[in-house]
Amino acid sequence: MNYQKLDAALATALNDVQDSEEASLGVFIYTEPVLDSAAIAVLESFGVSGVISGKDIFTATLSANAISQLSEQPWVISLKRSQQLRLVHKIINTGKLDA
């Protein structure tokens, strides 16, 4: 595993993984902008969709093993943890102004 390519949140999350084969971590994969067919095949083998040359940021839910393997690829620039977004409900109380 090349920890230099991982952000702190992803490195921390990897420490908490129980099953290194289970695809449980959402990640952003930052790559070189021009990928050859071998690089595209590697990404697709991990279930990354929409892989085309010219695109350099991909999202996927990966296992710890897949993250480790991707971190060793020379065409991968970095891997960052993706958090699931939650809706935030904001309640606004509007009061009446008396004149």
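Before reading on, note that the structure itself is shown above.
Overview of the structure. (Residues numbered from 1 in each chain as written. Predicted model: local features only at pLDDT ≥ 70, side-chain atom pairs only at ≥ 80, totals over all residues. Heavy atoms only, no water.)

Section: the overall build of the chain
- Secondary structure summary: the chain contains three helices and three strands in total.
- If you list the helices and strands of the chain from N to C, you get α-β-α-β-α-β.
- Out of the 99 residues in the chain, the part that is buried amounts to 31%.
- About 6900 Å² of surface is accessible on the chain, with carbon and sulfur atoms providing 51% of the total. (Helix = DSSP H or I, 4+ residues; strand = E, 2+ residues; numbered from the N terminus. Buried < 20%, exposed > 50% of the residue type's maximum accessible area, 1.4 Å probe, protein only. Areas by Shrake-Rupley, 256 points an atom, 1.4 Å probe, with all protein chains shown as cover.)

Overview of the packing of aromatic side chains
- Applying the stated criterion across every chain yields a total of zero aromatic pairs.
- Note that K80 overlies the ring of Y30, its terminal NZ or CZ placed 5.1 Å from the centroid. (Phe/Tyr/Trp six-rings, centres within 6.5 Å; stacked < 30°, edge-to-face > 60°. Lys NZ or Arg CZ within 6 Å of the ring centre and 35° of its normal.)

Some words on the environment of E21
- On the secondary structure map, E21 appears in the loop between α1 (8–15) and β1 (25–31).
- A C-alpha to C-alpha distance of 8.7 Å links E21 and L62, two positions 41 residues apart in sequence.
- Those residues within four positions of E21 in sequence are excluded, and the remaining contacts are S63 and N65. (Contact = heavy atoms within 4.5 Å.)

Re the sheet that holds β1
- In space, the three strands of this open sheet follow the order β2-β1-β3, with antiparallel pairing throughout. Edge strands, defined here as strands with exactly one partner in the open sheet, are β2 (57–62) and β3 (76–81). Across this sheet, the average inter-strand angle for adjacent strands is 30°, counted without regard to direction.
- With respect to the sheet, α1 is in contact with β1 and β3, its orientation differing from that of β3 by roughly 65°. (Pairing = 2+ DSSP bridges. Axes fitted to C-alpha atoms, helices over the stretch in contact; angles between N-to-C directions.)

Quick word on the side chain of S63
- Tracing the sequence through the fold places S63 in the loop between β2 and α3 (64–71).
- On the basis of relative accessible area, S63 is assigned to the buried category, the value being 8%.
- Residues contacting S63, with those up to four places away along its chain left out, are S20, E21, E22, A23 and S24.

Re the nonpolar core
- Judged by nonpolar contacts, the single largest core of 23 residues is most densely connected at I29, L43 and I67.
- Elements represented by at least two residues in this core include exactly α1, β1, α2 (37–45), β2, α3 and β3.
- No other element matches the four residues that α3 contributes to this core.
- Apart from the residues within four sequence positions on either side, L43 is in contact with I29, L35, V48, V51, F58, L70 and W75. (Core = buried A, V, L, I, M, F, W, Y, C linked by side-chain atoms within 4.5 Å.)

Some thoughts on α1
- Of the positions making up α1, those classed as buried are L10, A11, A13 and L14. Projected down its long axis, α1 shows its buried positions confined to an angular sector of 160°, all on one face. With respect to the buried face of α1, the exposed residues turned more than 90 degrees away are A8 and N15. (Arc of directions from axis to C-beta.)

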